[in-house]
Protein chains: 4
Amino acid sequence: MDHMISENGETSAEGSICGYDSLHQLLSANLKPELYQEVNRLLLGRNCGRSLEQIVLPESAKALSSKHDFDLQAASFSADKEQMRNPRVVRVGLIQNSIALPTTAPFSDQTRGIFDKLKPIIDAAGVAGVNILCLQEAWTMPFAFCTRERRWCEFAEPVDGESTKFLQELAKKYNMVIVSPILERDIDHGEVLWNTAVIIGNNGNIIGKHRKNHIPRVGDFNESTYYMEGDTGHPVFETVFGKIAVNICYGRHHPLNWLAFGLNGAEIVFNPSATVGELSEPMWPIEARNAAIANSYFVGSINRVGTEVFPNPFTSGDGKPQHNDFGHFYGSSHFSAPDASCTPSLSRYKDGLLISDMDLNLCRQYKDKWGFRMTARYEVYADLLAKYIKPDFKPQVVSDPLLHKNST
Amino acid sequence: MDHMISENGETSAEGSICGYDSLHQLLSANLKPELYQEVNRLLLGRNCGRSLEQIVLPESAKALSSKHDFDLQAASFSADKEQMRNPRVVRVGLIQNSIALPTTAPFSDQTRGIFDKLKPIIDAAGVAGVNILCLQEAWTMPFAFCTRERRWCEFAEPVDGESTKFLQELAKKYNMVIVSPILERDIDHGEVLWNTAVIIGNNGNIIGKHRKNHIPRVGDFNESTYYMEGDTGHPVFETVFGKIAVNICYGRHHPLNWLAFGLNGAEIVFNPSATVGELSEPMWPIEARNAAIANSYFVGSINRVGTEVFPNPFTSGDGKPQHNDFGHFYGSSHFSAPDASCTPSLSRYKDGLLISDMDLNLCRQYKDKWGFRMTARYEVYADLLAKYIKPDFKPQVVSDPLLHKNST
Amino acid sequence: MDHMISENGETSAEGSICGYDSLHQLLSANLKPELYQEVNRLLLGRNCGRSLEQIVLPESAKALSSKHDFDLQAASFSADKEQMRNPRVVRVGLIQNSIALPTTAPFSDQTRGIFDKLKPIIDAAGVAGVNILCLQEAWTMPFAFCTRERRWCEFAEPVDGESTKFLQELAKKYNMVIVSPILERDIDHGEVLWNTAVIIGNNGNIIGKHRKNHIPRVGDFNESTYYMEGDTGHPVFETVFGKIAVNICYGRHHPLNWLAFGLNGAEIVFNPSATVGELSEPMWPIEARNAAIANSYFVGSINRVGTEVFPNPFTSGDGKPQHNDFGHFYGSSHFSAPDASCTPSLSRYKDGLLISDMDLNLCRQYKDKWGFRMTARYEVYADLLAKYIKPDFKPQVVSDPLLHKNST
Amino acid sequence: MDHMISENGETSAEGSICGYDSLHQLLSANLKPELYQEVNRLLLGRNCGRSLEQIVLPESAKALSSKHDFDLQAASFSADKEQMRNPRVVRVGLIQNSIALPTTAPFSDQTRGIFDKLKPIIDAAGVAGVNILCLQEAWTMPFAFCTRERRWCEFAEPVDGESTKFLQELAKKYNMVIVSPILERDIDHGEVLWNTAVIIGNNGNIIGKHRKNHIPRVGDFNESTYYMEGDTGHPVFETVFGKIAVNICYGRHHPLNWLAFGLNGAEIVFNPSATVGELSEPMWPIEARNAAIANSYFVGSINRVGTEVFPNPFTSGDGKPQHNDFGHFYGSSHFSAPDASCTPSLSRYKDGLLISDMDLNLCRQYKDKWGFRMTARYEVYADLLAKYIKPDFKPQVVSDPLLHKNST
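If you look chain A up in UniProt, it shows as Beta-ureidopropionase from Arabidopsis thaliana. Of chain A, the UniProt comment under Subunit reads exactly: "Homodimer, homotetramer, homooctamer; can also form higher homooligomers." Of the comments in the UniProt record for chain A, the one headed Subcellular location reads "Cytoplasm".

Given below as structure tokens:
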């Protein structure tokens with residue numbers, strides 16, 4: 001989750017894009033249909049030659065969405081028909097949300113407030129038949145690492161803590177796998193903190209966990225103040241609905257991280273994040289989609305929404321005076337597919353549930369079609385990296401022999 | 001160079017986007033200024049907080065552009081002022097072009113025709129003070145690999161062949177480094193063919209060469225019929241203007257390939273390509289920009305333009321009948337920067353010269369700012385890849401113990 | 001598997017040679033005995049000074065052959081009597097067959113149909129006491145790589161897949177080692193495809209596997225579209241009956257490939273292939289026999305039979321229009337021995353089982369007799385190859401100093 | 001040159017095949033035309049889709065042939081028309097001959113007698129416009145190495161000795177490159193003997209020499225008694241007519257030897273030999289043709305003719321009593337081309353001159369077409385050979401783990 005406070009202030013007060021929920025809404029509202037259709041192809045790609053089909057969700061889900069005012073969108077990715085395998089369509093959900101109470105409220109109220117806010121959204125996912133649901137990074141708390149204050153550590157909990165118990169009920173109720181990224185307190189290892197995604201099975205059991213591999217120390221993202229690089233490798237969790245993995249936030253800037261989940265067989269990789277700012281926003285629709293293309297798997301990108309104001313002002317290491325807020329988390333959660341198609345994004349400022357049906361057969365179809373795995377030459381890169389990590393690594397540089405003749 | 005013939009037919013006959021040269025022209029012509037300004041930020045990012053500044057080119061360059069009817073654009077990337085280093089601004093050029101004569105013309109005429117077509121464009125780059133110029137993949141010939149016919153091998157030449165001699169004169173004349181991607185005939189190694197970029201120094205000397213690392217075998221891109229994976233590793237060429245490397249075409253789908261040029265210290269990586277088709281077009285603005293972001297260097301992406309019709313029809317392995325053309329090469333060449341900003345793209349169907357001033361200091365600034373190199377944990381991935389290439393590699397999979405209890 | 005569609009049309013409709021099953025049948029039917037006897041010496045060589053002895057097979061085997069209409073031949077290679085070693089006679093079998101159903105049938109039916117067709121032929125080998133049996137390349141499927149369509153990838157299976165399970169039963173039943181060349185799907189390595197020979201032990205266990213080392217990209221043989229060069233080196237499998245290896249199809253054009261299996265100690269090298277066409281047919285009796293001579297081991301060459309017609313037409317890169325069939329696979333499977341003797345070939349168009357008894361002692365006898373290993377000077381060639389693979393390799397050329405005086 | 005005395009005596013007293021000059025004459029005389037045409041395709045291949053065209057030689061050449069009773073044949077290999085290169089047709093000649101006088105005659109007479117015998121045959125080549133002519137191995141002397149007697153060493157001469165002077169005149173006269181394989185006495189290096197081919201340029205100058213790389217010690221071929229393995233590597237001689245090399249006799253059994261001349265760029269490789277015997281004869285049409293196919297160059301195979309009787313009887317290491325002759329040298333010289341086509345062979349027992357026109361462009365066309373050089377993976381074999389020559393080399397053997405359970 002990376003952030004540059006926008007120099008010339010936010011686009012508009014409440015985080016919309018000139019009043020529109022998302023770039024796609026802005027474009028579709030302001031371009032003639034035949035123009036939008038072509039722009040849509042260039043920006044969102046094609047799935048099986050067509051733009052993504054919308055999914056009609058049950059009324060009960062829609063009702064919850066309007067009653068609790070959260071954005072609800074659903075689109076589906078299909079794959080070619082195969083002879084030897086039936087379609088393996090799985091329904092996947094992403095929830096983005098703002099915090100429920102001001103950061104000055106008692107911590108337990110804040111967390112309880114977030115539980116209450118998420119309950120109806122998770123219900124909507126449940127009634128809509130979502131099989132695998134992923135929440136946003138550190139969903140139980142405000143993204144307080146900008147303060148570098150230690151008190152926020154109290155939001156940390158063990159893997160089988162309160163938030164997991166809350167979700168285990170819902171997992172069992174809806175026969176739903178839930179990915180729950182939290183701040184973990186590791187009781188047995190010196191009570192050290194980790195940024196951890198807990199994987200809850202559709203029977204409510206804890207399948208396992210993955211700790212964030214790459215930790216930012218960028219501007220307001222002082223996460224290295226709180227936790228170290230994860231020690232769980234790149235696990236892929238085999239659930240009844242398919243093989244999933246979690247690339248947490250800042251990990252999305254690391255192609256090797258995406259690659260590793262693919263090498264271990266992931267079919268869907270979630271990227272729960274918390275990112276703000278004018279500069280990082282143009283990167284948001286690139287990195288996840290690139291990973292889906294390069295590694296031939298689906299990616300679910302989630303970003304929290306809203307502006308979180310903290311009691312004590314803090315500075316951002318950019319030479320500017322102290323300030324109290326983290327800037328606007330621009331949501332825009334979306335799904336990317338191996339064939340370079342992707343859904344329009346959720347709202348830039350509202351809570352939201354994005355649902356997608358995805359035929360997991362598309363992964364292997366695109367591994368065969370593009371041949372990126374086949375032509376990867378991993379042995380060449382295994383050899384390069386083995387050399388690179390040595391102190392005496394010499395870069396492969398070919399210097400112009402006449403370099404010093406008449407250099408400017 | 002990856003291609004899917006568009007299922008529902010080309011956008012419009014001569015390759016424009018609903019009559020516009022590029023997506024950016026379409027949006028800027030059809031959106032109110034304040035909307036376009038925000039869309040522009042989201043799609044093209046910001047450089048030092050602002051959208052890219054246009055460069056005013058000398059009249060002589062503009063005259064050549066209008067006389068020879070090629071698209072001419074120029075924008076500059078700046079970096080923060082530093083105390084210990086002066087700005088290292090280098091002027092870089094990309095040329096995209098269609099072939100000059102029908103593919104039925106005698107081969108030597110076809111190549112000569114392309115030389116004549118490129119001369120004024122290279123002159124324009126020269127008079128505009130371009131320091132480093134890159135041409136498109138296999139620029140001396142039609143992209144005939146779709147046919148799998150062997151006769152096109154006659155376009156191959158040694159590294160110091162006719163095309164290199166043609167460019168050496170211009171390199172000396174304009175004190176310009178020129179990257180020349182050709183089909184190489186390796187005289188000393190069994191006359192085997194390679195897809196090779198020749199690096200010509202600003203004194204007209206041959207600095208070295210790089211052979212395409214990843215070879216496609218996708219639909220009409222039967223390049224594995226003609227040449228094997230390159231054997232030159234990931235060289236970075238130290239020129240008087242900066243450290244450059246060349247990631248040829250299909251290599252852009254391989255994050256490890258981009259990574260390796262970065263590990264060897266590249267500041268600008270060119271991606272000369274030849275790619276067509278509706279499905280691959282949505283990937284074109286993603287992969288190069290992702291590489292620039294992830295590896296903190298500049299990327300120059302070039303794609304040829306036009307539709308090339310071949311005498312003998314060929315099939316594409318997509319179950320469809322034989323056809324004579326490769327589909328529309330959609331140009332859209334562009335530059336990407338480490339800060340996620342990028343230039344608008346050149347025309348989707350015209351020849352063109354894209355010029356950009358880039359302060360190479362931006363690379364290190366963004367290595368420090370985002371910390372992607374610092375937090376990369378290369379040793380983790382060196383270890384993973386070393387294991388992965390072994391036959392007995394076991395993916396790191398955590399299976400839900402209750403998987404077989406009541407799977408739906 | 002290399003192919004040139006015959007320019008002047010097939011020899012006769014159903015693939016015979018002017019009505020005869022094989023060249024040898026044609027010659028023996030049309031030449032007076034004493035002429036044929038001398039022609040036979042020149043074309044098939046001598047084993048221990050005599051032409052090969054026929055083996056009398058059990059009636060049950062012959063009954064299966066006539067009932068299921070497959071060609072059944074058997075000849076034996078003997079060796080000189082030795083003092084210190086007993087004869088090591090092993091009975092080896094080769095099966096060539098056409099596909100069972102049209103390529104438009106459901107894939108699972110096509111594979112099941114081939115299982116059913118092969119069962120009685122394998123039984124015949126079993127009751128005839130065959131110790132080691134080899135099937136043809138990609139025996140479970142039509143040789144569909146000419147189409148470059150991805151759907152045929154569905155025929156791929158893991159090493160321990162359905163076809164291996166089918167053969168493991170028969171291996172155990174008949175105490176027979178079975179070499180099973182299939183299209184492998186490598187589950188643990190990104191589901192990438194390989195052209196792989198599975199080695200099943202006489203106890204039904206999987207001893208190991210070897211992946212095709214050299215991949216063709218010639219005319220209709222677009223195998224580089226589907227899989228890369230093998231990564232298993234040149235393994236020799238030590239079975240209870242002797243040391244065997246597998247040089248798959250296109251590998252037979254590479255003397256270094258044959259050499260490597262010999263250096264690793266192979267006594268019998270199988271060459272399961274799929275090759276068609278007038279031009280490649282003259283090569284078929286040369287390359288395998290040359291390998292047996294040069295490396296002093298036995299070679300078993302297998303080629304499929306019949307003409308396979310595919311639903312969607314495809315072009316062959318030879319400038320000719322699209323067509324639906326691969327041309328006639330001309331069978332002609334045969335055994336070659338280290339003493340340059342070789343069996344007559346199986347039918348050019350019928351399914352067939354070729355059995356041969358071979359005294360493996362002949363290998364060492366010919367290593368001693370011809371001294372090819374002793375006089376090989378491997379160090380000279382190790383040095384040459386080490387230099388050749390370097391970019392700066394300079395060929396050893398002695399130019400006529402007067403070359404430029406009065407060259408014509 | 002390798003030999004096994006035929007156990008059951010020669011086919012017919014004077015060396016014919018049942019009275020016919022060659023296998024091809026026997027077949028064409030005894031098979032109906034349409035059968036012979038198909039047998040001819042299978043045994044001699046096709047060049048550009050057709051059987052080889054005969055060349056009409058000048059009457060003067062034919063007159064010499066009938067006057068001096070030597071077999072005279074001529075056929076031509078064409079190549080596809082190319083755009084960027086003109087055809088490079090070179091006329092090449094091979095001379096096979098028996099010795100002139102009994103081996104009991106004075107040595108100088110024997111050599112003089114061979115000069116006199118060859119003069120008219122070389123003249124025939126000259127008037128027929130032969131550009132490059134190759135003589136047989138140790139053409140100046142009887143192949144006396146079977147005796148292991150030292151007196152025959154007197155036939156040895158320095159590179160610029162009498163035989164070279166004799167040929168230099170003819171080379172100049174006919175503007176003809178001549179390859180002269182002799183027994184060399186190395187004056188400057190202890191007068192040591194070598195089996196050496198002298199390369200005489202079309203201006204009569206000595207371009208260079210190549211010494212036999214692999215030396216037989218097989219039965220009557222006791223050449224290791226007289227000379228060591230050559231120390232001149234694998235030179236390719238660049239003459240005005242093309243790049244040639246010489247693989248002397250026993251070298252033809254070593255694929256690495258053939259390979260090395262190809263790696264150094266040879267377009268035509270001559271194989272001057274001296275070989276007898278029933279067993280080696282079946283190998284004669286295989287090894288040279290295999291080399292032409294595998295290395296995509298032309299091969300000219302020459303074998304002497306006749307039976308040479310020596311004064312003192314000698315034994316052959318085969319347990320049989322002493323005998324006075326070397327057995328019948330079966331001539332059968334022939335040309336092989338990269339496309340697997342080859343000429344019918346010269347007579348099995350007469351002196352002869354075989355002429356062939358060959359378009360050297362065919363070499364590169366077949367390198368591109370079959371791709372054997374491209375797909376060779378030389379680095380894999382450089383690595384294997386580097387390991388193989390080490391004392392601690394371990395063959396890559398995969399043993400059946402159940403090997404010792406119930407081995408027969």
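Still to come is the rest of the account.
K.L.:
How should the overall build of chain A be read in this particular structure?
P.N.:
What chain A contains, in helices and strands, is nine helices and 16 strands. Radius of gyration (C-alpha) of chain A: 22 Å, near the 22 Å computed for a compact globule of 408 residues. Expressed along its principal axes, the backbone C-alpha trace of chain A runs to roughly 70 × 60 × 50 Å. Every one of the 408 residues in chain A was classed for burial, and the buried ones make up 68%. Looking at chain A alone, contacts between residues at least 24 apart form 72% of all its contacts between residues at least 6 apart. Surface summary for chain A: the accessible area is close to 13,200 Å², and the carbon and sulfur share equals 53%. Put simply, chain A has 40 plus and 48 minus side-chain charges, and the middle of one group is 5 Å from the middle of the other.

K.L.:
What am I meant to see in the interface of chain C and chain D here?
P.N.:
Where interface size is given, it is often the accessible area lost as the parts come together that is meant. Each partner contributes residues to the interface: chain C has 104 residues there, and chain D has 102 residues. Here chain C and chain D share an interface that buries about 9,500 Å² over both sides, 67% of which is from carbon and sulfur atoms. Considering only the surface of chain C that becomes buried against chain D, Trp370, Tyr381 and Gln396 of chain C emerge as the three largest contributors, covering 8% of it. Run the count over chain C and chain D and you get two salt bridges. Note that Glu281 of chain D and Arg41 of chain C form a salt bridge whose closest N and O atoms lie 2.8 Å from each other. The tally of links between chain C and chain D comes to 40 residue pairs in polar contact (both at pLDDT 80 or more). Secondary structure elements with two or more residues in the side of chain C that touches chain D: helix 1 (23-30), helix 2 (33-44), strand 8 (236-239), helix 6 (255-263), helix 7 (284-295), helix 8 (361-370), helix 9 (378-388) and strand 16 (397-399) of chain C. For the side of chain C that touches chain D, the element with the most residues is helix 9 of chain C, which contributes nine residues. Taken together, the residues of the side of chain C that touches chain D break down into 54 nonpolar, 30 polar and 20 charged.

K.L.:
Would you mind going over the packing of helix 2 (residues 33-44) of chain A against helix 1 (residues 23-30) of chain B with me for this structure?
P.N.:
Between helix 2 of chain A and helix 1 of chain B, whose axes approach to 11 Å, the crossing angle comes to 140°. On the basis of the axis angle, helix 2 of chain A is oblique to helix 1 of chain B. Every pair of crossing elements has a handedness; the one defined by helix 2 of chain A and helix 1 of chain B is left-handed. Here Leu35, Val39, Leu42 and Leu43 of chain A of helix 2 of chain A lie close against helix 1 of chain B, whose contacting residues are Leu23, Leu26, Leu27 and Asn30 of chain B.

K.L.:
I keep staring at the relation of the copies chain B and chain A and nothing clicks. Help me out?
P.N.:
Two copies of a chain can be linked by a rotation about an axis combined with a shift along that same axis. Between the two copies, chain B and chain A, the superposition gives an RMSD of 0.1 Å; the rotation angle is 180° and the shift along the axis is 0.0 Å. Each copy turns onto its partner about a two-fold axis.

K.L.:
What is the right way to look at the relation of the copies chain C and chain D in this model?
P.N.:
Each copy of the sequence occupies a distinct position, and chain C is placed on chain D by a rotation of 180° and an axial shift of 0.0 Å, giving an RMSD of 0.1 Å. The share of interface residues of chain C whose copies in chain D are also at the interface is 98%, consistent with both copies meeting through the same surface.

K.L.:
Whenever I open this one, the interface of chain B and chain A confuses me. Can you help?
P.N.:
At the junction of the two partners, chain B supplies 105 residues and chain A supplies 103 residues. Of the roughly 9,500 Å² buried at the junction of chain B and chain A (both faces included), carbon and sulfur atoms supply 67%. Sorting the residues of chain B by area buried against chain A places Trp370, Tyr381 and Gln396 of chain B first, and these three jointly supply 8% of that buried surface. The interface formed by chain B and chain A contains two salt bridges. For the pair chain B and chain A, the interface holds 40 residue pairs in polar contact (both at pLDDT 80 or more). Counting only elements with at least two residues in the side of chain B that touches chain A, the list comes to helix 1, helix 2 (33-44), strand 8 (236-239), helix 6 (255-263), helix 7 (284-295), helix 8 (361-370), helix 9 (378-388) and strand 16 (397-399) of chain B.

The rules we used
- Within each chain, residues carry numbers counting from 1 in the order of the written sequence.
- Chains carry letters from A onward and ligands carry numbers from 1 onward, assigned in written order.
- pLDDT decides what is reported in this predicted model: residues at 70 or higher carry local features, side-chain atom pairs at 80 or more are listed and counted, and totals for whole chains, interfaces and linings draw on all residues regardless.
- Just so you know, side-chain values use all the structure's heavy atoms and leave hydrogens and water out.
- UniProt positions are given in the numbering used here, feature names are shortened, and annotations may be inferred rather than shown by experiment.
- By the criteria applied, helices consist of DSSP H or I runs no shorter than four residues and strands consist of E runs no shorter than two, each listed in order from the N terminus.
- For the radius of gyration, the atom set is restricted to C-alpha positions; the globular benchmark scales as 2.2 Å times the number of residues to the power 0.38.
- Accessible area is worked out with a 1.4 Å probe on protein chains only. A residue is then buried under 20% of its type maximum, exposed over 50%, and partly exposed in between.
- The contact criterion used is simple: two residues touch if any of their non-hydrogen atoms lie within 4.5 Å.
- Working definition of accessibility: Shrake-Rupley area with a 1.4 Å probe, residue cover restricted to the visible protein chains.
- In this tally, Lys and Arg are treated as positive and Asp and Glu as negative; His is ignored, and so are the chain termini.
- By convention, charge coordinates are those of NZ in Lys, CZ in Arg, CG in Asp, or CD in Glu.
- When two parts are brought into contact, each loses some accessible area as probed by a 1.4 Å sphere; the total of that loss over both is the buried area.
- Any Lys or Arg side-chain nitrogen found within 4 Å of a carboxyl oxygen on Asp or Glu counts as a salt bridge.
- Between N or O atoms, a polar contact is any pair within 3.5 Å; within protein, one atom must be a potential hydrogen donor and the other a potential acceptor, and residues adjacent in sequence are included only when both atoms are from side chains.
- Residues are grouped as follows: Ala, Val, Leu, Ile, Met, Phe, Trp, Tyr, Cys and Pro are nonpolar; Asp, Glu, Lys and Arg are charged; all remaining types, including Gly, are polar.
- Inter-axis angles, ranging from 0 to 180 degrees, are taken between N-to-C directions of lines fitted to C-alpha atoms, where helices are fitted over the stretch in contact.
- Here the angle decides the label: under 35 degrees means roughly parallel, over 145 means roughly antiparallel, 65 to 115 means roughly perpendicular, and every other value means oblique.
- Definitions for this section: a left-handed crossing has its near helix turned counterclockwise from the far helix by less than a right angle. A right-handed crossing has that turn clockwise.
- Alignment of the copies relies on least squares applied to C-alpha atoms, considering only residues that score at least 70 for pLDDT in both.

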